[in-house]
Amino acid sequence: MQKILEAIQNGASGAELAAIPLPDSYRAVVVRKEEQTMFEGMESEDKDPRQSLHVQDIELPELAPDEAIVAVMASSINFNTVWSAIFEPLSTFGFLTRLGREGYWGARHDQDFHAVGSDGSGVVLRVGSAVRKWAPGDRVVIHCNHVDDQDPSSHNDSMIGDNQRIWGFETNYGGLGELTVVKANQLMPKPAHLSWEESAVNALCNSTSYRMLVSPNAAHMKQGDAVLVWGASGGLGGYAMQYVLNGGGTPVGVVSSPEKVALLNELGVEHVINRREANYKFWSDETTQDESEWRRLGKDIRSMIGRDVDIVFEHPGRQTFGASVFAAARGGTIVTCAATSGFKIEYDNRHLWMKLKRIVGSHFANYAEASAANDLIRAGKIQPILSAVYSMNDTGEAAYQVHKNLHEGKIGVLCLAPTEGLGIDDPEFREQVGEDRITLFRRHGA
Ligand code: NAP
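Cut-off values and rules
- Residues numbered from 1 in each chain as written.
- Predicted model: local features only at pLDDT ≥ 70, side-chain atom pairs only at ≥ 80, totals over all residues.
- Heavy atoms only, no water.
- Pairing = 2+ DSSP bridges.
- Helix = DSSP H or I, 4+ residues; strand = E, 2+ residues; numbered from the N terminus.
- Axes fitted to C-alpha atoms, helices over the stretch in contact; angles between N-to-C directions.
- Contact = heavy atoms within 4.5 Å.
- Near = heavy atom within 4 Å.
- Polar contact = N/O pair within 3.5 Å; in protein donor to acceptor, adjacent residues only side chain to side chain.
- Areas by Shrake-Rupley, 256 points an atom, 1.4 Å probe, with all protein chains shown as cover.
- Nonpolar A, V, L, I, M, F, W, Y, C, P; charged D, E, K, R; others polar.
- Domains from an automatic or database assignment.
- Buried area = accessible area lost by both parts, 1.4 Å probe.
- Salt bridge = Lys/Arg side-chain N within 4 Å of Asp/Glu carboxyl O.
- Buried < 20%, exposed > 50% of the residue type's maximum accessible area, 1.4 Å probe, protein only.
- 1 Å grid on protein atoms, 1.4 Å probe; cavity = no way out; pocket = protein on both sides within 12 Å on 5 of 7 lines; lining within 4 Å.
- Points joined across faces, edges and corners; volume = space filled by probe spheres on them.
- UniProt positions renumbered as here; feature names shortened; annotations may be inferred.
- Lys, Arg positive; Asp, Glu negative; His and termini not counted.

## A few points about the sheet that holds strand β2 (residues 54–59)
- The strand order across the open sheet built from 3 strands is β2-β1-β4, with neighbouring strands paired in antiparallel fashion. Bordering the open sheet on either side are β2 and β4 (113–115), each of which pairs with just one other strand. Ignoring strand direction, the axes of neighbouring strands in this sheet form an average angle of 60 degrees.
- In this structure, strand β1 (residues 25–32) lies alongside β2, joined through 6 bridges in antiparallel fashion. Within β2, the residue paired with Tyr26 across the bridge is Ile58.
- Across the sheet, helix α5 (residues 93–100) lies against β1 and β4, angled at about 95 degrees from β4, the strand it touches most.

Below is the structure:
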């Protein structure tokens, strides 16, 4: 692996990289099948990713014709790695077993370890015989939509495909490792003005936010729309805020500390609610919601922007969903991709139908959407929201930070990259975009 790293750092050509033999095994961050019941009976918040995430050697699988092996320079923590690490809402080994039933290539994934991670930046080392667009030496980022392109259901919108999966969550050999194995149609060009870790944190959350807000497949925001974003300085929210600003909308962010308010103000967001300070109690007990608290949120929004919001960007789920449906304007859209605080949702349907609102489900992004989102990063129009960087050995701690909501933006993980700040190929363009804009979250997280 050292030879591969040295070659990458010395700018070796694709042919030179292709000539370096690949190791039989590599280090990766895994959860273990034998430990999948280790947290049984515990409350979610007590389940500790530091106990379940391990760094171990795993065997490099055989490469399928439509795949690539990538040397991973950096990766990131996504909430799905937290879900894998606490085995909630179910153990991800079930996904691997199901994939394992899908023939010869699927069987490689069904192991007693699950190498996790759904983001990555790095360098292509090998491509399968059917890969046309990519070659060894290409500097890439990886999006996590793993689809079977021989399935007709994937060909309108691949997120609708019957066999659609999330790489590193529903498949093995994910991004948190020295190497990864991906479908060639997960590769996208690395932003040349960003470091490995700045490049590695975007694909999952940026593409998800792009689809949720910008794409006609979900909320399809238009200029002038007012948008309420929960968790506005978090992984999804940090990109969502930028999309609303870029798209000529009026963002209203919700966060939970004065530091996060200050961060969003510096990003250019004028209207930010500190939910801790506001102390909304949408649920008066475990089974009863308090509509007067929904009204208080609506009033707070109107006092800031003079009207209701056209779009609510939802992901906290049970705790906030009733309020979100209420707070959307007549004819408005609640777009949701998750339910961090609970999947069983309750809202008052009268507010939905009488005011002609719609709830739209959204999940990651198809290749076209992920590429469009990546192009905006490459063009310097959307900035990475990297706030902290950990070594691969400390992935458990990094996931713990996300699990406990102690972070802002995205946490990067150095895999093969020995230090931060490497991999910037176009310093001139970086200067043009502006160091301050690129590193805003990193400076706040430092
Ligand atoms: P994140 O970085 O942890 O940010 C989420 C933010 O939501 C938190 O920082 C917190 O911000 C806010 N929040 C959490 N619980 C809340 C509650 N009960 N009420 C109000 N706000 C709350 O996570 P993320 O990467 O943005 O992901 C968020 C969720 O989306 C996760 O469940 C993740 O699995 C899911 N997700 C789904 C997809 C998909 O494709 N379907 C893609 C990415 C993520 P404050 O404390 O500052 O308010």
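Picking up where we left off.
## A closer look at the site of the ligand
- Taken together, 25 residues lie near the ligand, and Ser256, Arg275, Phe364, Asn405 and His407 sit nearest.
- Between the ligand and the protein, one listed contact pairs an oxygen atom with a side-chain N or O atom of Lys260 at 2.9 Å.
- Contact with the protein chains hides 90% of the accessible area of the ligand, taken as 910 Å² for the molecule alone.
- Counting residues per element, the ones that place at least two in the shell around the ligand are α4 (79–86), α8 (203–213) and α9 (235–246).
- With 3 residues, the single largest contributor to the shell around the ligand is α8.
- Residue composition of the shell around the ligand, grouped by class: 10 nonpolar, 13 polar and 2 charged.
- In this structure, the shell around the ligand is formed jointly by two domains, domain 1 (2–203 + 365–445) and domain 2 (219–361), each of which donates at least three residues.

## Some points on the domain arrangement of the protein
- Looking at the assigned domains, one finds that the protein contains domain 1 (2–203 + 365–445) and domain 2 (219–361).
- The C-alpha centroid of domain 2 is placed 29 Å from the C-alpha centroid of domain 1.
- With both sides pooled, the region where domain 1 packs onto domain 2 buries about 1600 Å², and carbon together with sulfur makes up 61% of that total.
- Viewed at the interface, domain 2 and domain 1 are joined by 1 salt bridge.
- The partner of Glu266 in a salt bridge is Arg443, and the shortest N-O contact between them spans 3.5 Å.

## Examining the sheet that holds strand β16 (residues 309–314)
- Taking strand neighbours across the sheet as the criterion, the 6 strands line up as β13-β12-β11-β16-β17-β18 in an open arrangement whose pairing is parallel. Since the sheet does not close on itself, it has two edges, and those belong to β13 (271–274) and β18 (358–361), each with one partner. Sheet twist, expressed as the mean angle between neighbouring strand axes with direction ignored, is 20 degrees.
- Here strand β17 (residues 328–336) runs beside β18; their pairing, made up of 4 bridges, is parallel. Following the sheet pairing, Val335 is matched in β18 by Val360.
- Docked against the sheet, α9 engages β11 (226–229), β12 (250–255) and β16, running at close to 160 degrees with respect to β12.

## A look at the environment of Thr97
- Here Thr97 shows up in helix α5.
- Look at Thr97 and you get partly exposed, because its relative accessible area is 26%.
- Linking Thr97 and Gln111, residues 14 residues apart in sequence, is a C-alpha distance of 8.1 Å.
- With sequence-adjacent residues up to four places away left out, Thr97 is seen in contact with Lys33 and Asp110.
- Engagement of the side chain of Thr97 in a polar contact is seen with the backbone oxygen of Phe93, the distance being 2.9 Å.

## Observations regarding the layout of surface pockets
- Estimates place the volume of the second largest pocket at around 610 Å³.
- Lining the second largest pocket are 25 residues; nearest its centre among them are Asp66, Val147, Asp149, Lys183 and Asn185.
- Tallied by class, residues from the lining of the second largest pocket come to 9 nonpolar, 6 polar and 10 charged.

## Some points on the UniProt feature "domain: Enoyl reductase (ER)" (unreviewed entry) in the protein
- The sites that UniProt annotates as "domain: Enoyl reductase (ER)" (unreviewed entry) are residues 48–413.
- Its end C-alpha atoms 18 Å apart, residues 48–413 is made of 31% helix and 25% strand.

## Thoughts on the pattern of salt bridges
- All chains considered together, the criterion is met by 21 salt bridges.
- A salt bridge links Glu369 to Arg211, with the shortest nitrogen-to-oxygen separation between them at 2.9 Å. With Glu369 in helix α15 (residues 367–378) and Arg211 in helix α8, this pair connects stretches of sequence that are 158 residues apart. Here Glu369 matches Arg211 in class, with each residue buried.
- Notably, a salt bridge pairs Glu291 with Arg295, separated by 2.8 Å at the nearest N-O pair. Pair noted here: Glu291 and Arg295 are both in helix α12 (residues 291–305), with a separation of 4 residues, about one helical turn.
- The exposure class of Glu291 is partly exposed, given its relative accessible area of 24%.
- Residues participating in the shared-partner salt-bridge network are Asp48, Arg50 and Glu397.

## Overview of the side chain of Glu314
- Topologically, Glu314 is positioned in strand β16.
- Look at Glu314: it is buried, it has no salt bridge, and the nearest opposite charge is Arg275 at 11 Å.
- Among the polar contacts made by the side chain of Glu314, one reaches the side chain of Thr320 at a distance of 2.6 Å.
- When near neighbours in sequence (up to four residues on either side) are disregarded, Glu314 contacts Met212, Trp230, Thr320, Phe321, Ser324, Ile334, Val335, Thr336, Cys337 and Ala338.

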